[in-house]
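Structural characterization, general
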Amino acid sequence: MGNRIIKIFSKFYMLLIFTFLYFPIFIIVIYSFNASKSNVLWTGFTMDWYKKLLEDENVIIALQNSLKIAFSSTIISSIIGTTGAVAMYKYNFRGKKGIDLLLYIQIIIPEIIMGVSLLNYFSVLNMEFGLFTLILAHTTFCIPFVYILVKARLAGFNSSIEEAALDLGAGKFTVFRTVTFPLILPGIISGAALAFAISFDDVIINFFVSGPESTTLPIKIFSMLRFGLSPEINALCSIMLIITLFVLMASQSIRIKKQN
Amino acid sequence: MFKKIKKLDIFKIVFIYPLALWMVIFVAIPLIYIIVISFAQRSASGEIVYSFNLRNYTTMISPLYFKVFFDSISLAFVSTLLALLFGYPFAYFIAKVKKRWRVILLLLVVIPFWTNSLIRIYGWMILLRTEGIINHFLLAIKLIHEPIKMLYSYGAVLVGMVYMLFPFMVLPLYNSIEKMDKSLTEASKDLGASRWKCFFTITLPLTMPGIVAGSILVFVPSIGLFFIPDLMGGGTVMLIGNLIRNQFLQARNWPFGAALSIVMIFVALLLIGVATKLLGKKVDLEVF
Amino acid sequence: MMKKILKFVSLMLIAILTLVGCNSKSSTKGSGDKVLNIFTWANYVPDSVVKEYEKKTGIKVNYANFSTNEEMLSKLQAVKGGEYDVVICADYIIQVMAKDKNVLMAPINKDNIPNFKNEDPAYLDQSFDKGNKYSVPYTLGSQMIVYNPDKVKKEVTSYADLWDSSFKSSLVLIDDPRSIIGVALRKLGYGINETDAAKLDKAKEELKKLKPNVKLFNADTPQDSLISGDATAGIMWGSQASAAVKGNPKLKIVYPSEGTTVEEDNFIIPIKAPHMKNAENFINFMLEGKISNETTTTTEYINTTTTAKPFMSQEYLNNKAVFIPAEDLIKAMHILDIGDTAKTYDSIWSEFKQQ
């Protein structure tokens, strides 16, 4: 009896939270059809903003840039964050505490400070500002997130399986590939998902290390504030949302098909 | 024998060096730059004059700046607490769902965050403002007679903060909960422990790494997160994030901004250190 | 399973690296000479105008954005005055840049910009750049009071009026320290670029008395709260005031009797601009009457040329937010650089917010 109540409550609670998470998104989608430019009054239904969006070269380019940067930094930071987490978990070495400290500091550092210091750094190194500098910066602030999630997953890890495999003659890399990796995979995936989100949304750092041809979407959006956010952006968010949900459902149905 | 040692080295190198090198090159060195300019001074025209002095730090010793730090930290603390309170049951329930649904549900939590955060906050503002949708609805069903002033309040700021940082709490929690060895809870129940006792003595301690990881991933960024209090709270409070930003964008006093950042980093590290020590006493913390 | 992931990841890496490799240097749009790099706020040069320019000249425009003048300055310093061809920014930052020992702006060669004569002399030769050595006016922005006569029973004519207790918790102010401290200084009869410590102290006290009336600060969309009713009066820039009236036609616009604050945005050419000729050509194009009108009609800022007037629509001519009457223009002041006193302004602002 108690079990049933808990089950019902749990479903209700999850629904509540998802409503909380998606309600504002729902509003954004609705307002993408708003005839008025302002985000305050609803004055009528229109598809104009979607049309305007597809014609707005600047926004499309900014979007492409943001996606390229987010994908690249997510992959690189996932690799570095994961390998680093495994190493820090398994080994003790000189400078270990220092690296730990730097990881924390990276999360704490106010973005504007990081942006300014990287700006000067790249400038002194005479690097050309563009996608490359952006990817370097984004990877840097994404790594700690992947690291912490993978490390938390490793905590309390039962290493006896690993040891058994080693005893049976498997090489260290093989053990990692077949034993450790599958176990930490959920941590890596969630870390990567978060890293993508952070990278895609970043404004402040982007501004400092981008070049004339590498405007990213968040910069464009924040810079539009001076004139009021255009519902074009609402339209953009709606489209992106639909695409991601679509990809998610497609991948799930492929998975289910495979299982059957 | 020789071969084995060689293999060990390569594995260690491949796994340690990328992280170590990256942190040193992209975090340590820029950080040194910041520390250096925190001891510099602002020239009359807003440039940096490299003459060593402690004035940036001594200026901070005043009720004005203490309050700024205090307000920022308390907001971060309350936001983290709320995120934990609402996030833990949520992560717990997801971990209990049928296996193939779990990943979908988790991704559904993160997907909103692949759209721009500014827009999502504007979405909340539309919902909460005096002539907003929630008020319209409540008035329509006659639950209230006058619109509730929800926006531009501390409550609205908390809603925004928790909203923005929710996945950072849920994901680590989920990872920790899902990984937990179910046989332990089953055994304790078999031995007659009540549901609550089981939770407090087994589940909670075992998922502590997740709680700590989630709390840090929420607490730390929220100290510096100022655009949410600005938008949802009407910008009527000066927080450390605003203050630092003002040094770079208004006062053009980079040295002071750098000094504020160093102190902020220091205070945050201190708080994390204290928290981990307190919690670490009870459980075997291996998160960091 | 593992192999598949590795395959996927390595393919992605290769794909990304090739993409990045292709794009990192001067690839995206245009090549060689037919390029123009603009650097300013987003949508400040209307899309239609950019497209017209591209069509007319065949030059590809790269439009980079910043949200504040200080960000622009730090970027320009980092690229040592290169990379960008035309920058549109505020007057006071031009003043700051001119004081630098390594000036990052190129002197404007008026011979190469014949349409310079279209500029209204009232906006030229300002104190931040005497003789327009480095700058060419683009538009003027002015601050004004906007209030809702339905909810505000008295007539509002000055900044001082806003201190009245009837405005408790109902004002929206732009989140700009210089502007708002300037309001307090004006109320006391001082200038907005005051550096005298005693006078600034008095301004600080005035602000303390104002704080209870402030409902919210909003740098970018103060009009929203006026339209939605969360605030009943506020101080904001012209384009924001215009948006407010569009949202609620009953709202009234008033220039304060003490005198308002204006900001003139100008074109400047960075000293190492890679496409100097195109920059001059572009500025010339922007000063044409028809184009200038198109710009200010879209952005809703004040036009600085004399030749745009014949093209202006009736709606624009009737929009109070985009004209500043002569008597108010004379009283208006520009925000200028105040050197080290910026630190005092910063602590006044911090204290004001703490109230």
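Note that the structure is predicted; figures quoted are calculated from it, not measured. (Residues numbered from 1 in each chain as written. Chains lettered and ligands numbered in written order. Predicted model: local features only at pLDDT ≥ 70, side-chain atom pairs only at ≥ 80, totals over all residues.)

1. Description of the overall build of chain A
Within chain A, the secondary structure is distributed over 11 helices and 0 strands. Along the chain direction, N to C, the helices and strands of chain A fall in the order α-α-α-α-α-α-α-α-α-α-α. Considered along the principal axes of its C-alpha atoms, chain A spans approximately 70 × 65 × 35 Å. For chain A, buried positions account for 52% of its 260 residues. (Helix = DSSP H or I, 4+ residues; strand = E, 2+ residues; numbered from the N terminus. Buried ≥ 20, exposed ≤ 12 C-beta atoms within 10 Å, placed from the backbone.)

2. Some words on the overall build of chain B
The secondary structure content of chain B amounts to 13 helices and 2 strands. Computed over C-alpha atoms, the radius of gyration of chain B comes to 24 Å, more than 25% over the 19 Å expected from 2.2 N^0.38 for 288 residues, which places it beyond the range of a compact globule. Its C-alpha atoms give chain B principal-axis dimensions of about 80 × 75 × 35 Å. Per-residue burial for chain B yields a buried fraction of 47% across its 288 residues. Counting only contacts in chain B whose residues sit at least 6 apart along the sequence, the fraction spanning at least 24 positions is 70%. (Rg over C-alpha atoms; globule rule 2.2 N^0.38 Å. Contact = placed C-beta atoms within 7 Å.)

3. Here's the deal with the interface of chain C and chain B
In this complex, chain C contributes 27 residues to the contact, which on the side of chain B involves 25 residues. Those elements that place two or more of their residues in the side of chain C that touches chain B are α3 (69-78), α4 (91-99), β6 (214-217) and α13 (342-354) of chain C. Of the residues in the side of chain C that touches chain B, the class split is 7 nonpolar, 8 polar and 12 charged. (Nonpolar A, V, L, I, M, F, W, Y, C, P; charged D, E, K, R; others polar.)

4. Quick notes on the interface of chain B and chain A
On the chain A side, the residues contacting the 75 residues of chain B number 77 residues. Elements with a contribution of two residues or more to the side of chain B that touches chain A: α1 (2-38), α3 (63-96), α4 (99-110), α5 (117-128), α7 (154-179), α10 (208-224), α12 (240-249) and α13 (254-282) of chain B. Sorting elements by how many residues they give to the side of chain B that touches chain A places α1(B) first, with 20 residues. Its residues assigned to classes, the side of chain B that touches chain A comprises 58 nonpolar, 10 polar and 7 charged.

5. Quick word on the environment of Lys68(A)
Here Lys68(A) shows up in helix α3 (residues 57-90). For Lys68(A) and Phe207(A), which are 139 residues apart along the polypeptide, the C-alpha to C-alpha distance reads 16 Å.

6. Notes on the packing of helix α8 (residues 182-190) of chain B against helix α9 (residues 195-206) of chain B
Residues and elements named next belong to chain B. Interhelical geometry of α8 versus α9 gives an angle of 150° and a closest axis separation of 10 Å. Accordingly, the angle class assigned to the pair α8 and α9 is roughly antiparallel. The way α8 lies across α9 gives a crossing that is right-handed. Along its contact with α8, which presents Leu184, Thr185, Ser188 and Lys189, the element α9 presents Cys198, Ile202 and Thr203. (Axes fitted to C-alpha atoms, helices over the stretch in contact; angles between N-to-C directions. Parallel < 35°, antiparallel > 145°, perpendicular 65-115°, else oblique. Left-handed = near helix turned anticlockwise from the far one by under 90°.)

7. Overview of the packing of α7(B) against α10(B)
Residue and element names in this part refer to chain B. Following both chains from N to C, one finds α7 and α10 inclined at 160°, their axes separated by 7 Å at the closest point. Judged by the inter-axis angle, α7 sits roughly antiparallel to α10. Considering the relative orientation of α7 and α10, their crossing is right-handed. Mapping the contact onto sequence places Met161, Leu165, Phe168, Met169, Pro172, Leu173, Asn175, Ser176 and Ile177 in α7 and Pro209, Gly210, Ile211, Ala213, Gly214, Leu217, Val218, Pro221 and Ser222 in α10. Class assignment for the residues of the contact of α7 with α10 results in 13 nonpolar, 5 polar and no charged.

8. Examining the pairing of strand β9 (residues 261-268) of chain C
Residue and element names in this part refer to chain C. With respect to burial, β9 is a largely interior element, 8 of its 8 residues being buried. In β9, alternate side chains face the same way, and those of Thr261, Glu263, Asp265 and Phe267 on one face and Val262, Glu264, Asn266 and Ile268 on the other are all buried. The pairing of strand β3 (residues 86-90) with β9 spans 4 bridges and is classified as antiparallel. Paired with Ala90 across the two strands is Asp265, which belongs to β9. Two elements, strand β4 (residues 136-147) and β9, share 6 bridges in a ladder whose sense is antiparallel. Counted as the bridge partner of Ser142 is Val262 from β9. Across 2 bridges, the pairing between β9 and strand β11 (residues 333-334) is parallel. Of the residues in β11, the one forming a bridge with Thr261 is Met333. (Pairing = 2+ DSSP bridges.)

9. Topic: the pairing of strand β1 (residues 35-40) of chain C
All names here are of chain C. Here β1 lies mainly inside the structure; 6 of its 6 residues are buried. As paired elements, β1 and strand β2 (residues 60-65) share 6 bridges and run parallel to each other. Residue pairing in the sheet places Phe39 in a bridge with Ala64 of β2. Note: β1 against β3, 2 bridges, orientation parallel. Paired with Ile38 across the strands is Val86, a residue of β3.

10. As for the confidence of the model for chain B
All names here are of chain B. Residues at a pLDDT of 70 or more form 94% of chain B, whose mean pLDDT is 85. Between the elements of chain B, mean pLDDT differs from a low of 80, seen in strand β2 (residues 48-49), to a high of 94, seen in α3. In the predicted structure, residues 282-288 sits below a pLDDT of 50 and forms 21 contacts with residues beyond four places in sequence or in another chain. In the model output, the complex is listed with pTM 0.83 alongside ipTM 0.83. (pLDDT = per-residue confidence, 0-100.)

11. Points about the environment of Asn266(C)
Residue and element names in this part refer to chain C. You can see Asn266 is positioned in strand β9. Given 26 C-beta atoms within a 10 Å radius, Asn266 is considered buried. C-alpha separation for the pair Asn266 and Ser135, spaced 131 residues apart in sequence, amounts to 5.7 Å. Apart from residues no more than four positions distant in its own chain, Asn266 is found in contact with Ile88, Cys89, Asp91, Ile94, Ser135, Val136, Pro137 and Tyr138.

12. Observations regarding the nonpolar core
Val146(A), Met232(B), Val86(C) and Val146(C) are the most contacted members of the largest nonpolar core, which totals 256 residues. Taken domain by domain, the makeup of this core includes at least three residues from each of domain 1 (34-134 + 263-322) and domain 2 (141-260 + 328-354) of chain C. Apart from the residues lying within four places of it in its own chain, the contact partners of Val146(C) are Leu226(C), Ala233(C), Gly234(C), Met236(C), Ala241(C), Ala244(C), Leu251(C) and Ile253(C). (Core = buried A, V, L, I, M, F, W, Y, C linked by C-beta atoms within 7 Å. Domains from an automatic or database assignment.)

13. What to know about the environment of Val78(B)
All names here are of chain B. Along the chain, Val78 turns up in helix α3. For Val78, a count of 16 C-beta atoms within 10 Å corresponds to the partly exposed category. Along the primary structure Val78 and Leu107 are separated by 29 residues, whereas in three dimensions their C-alpha atoms are 26 Å apart.

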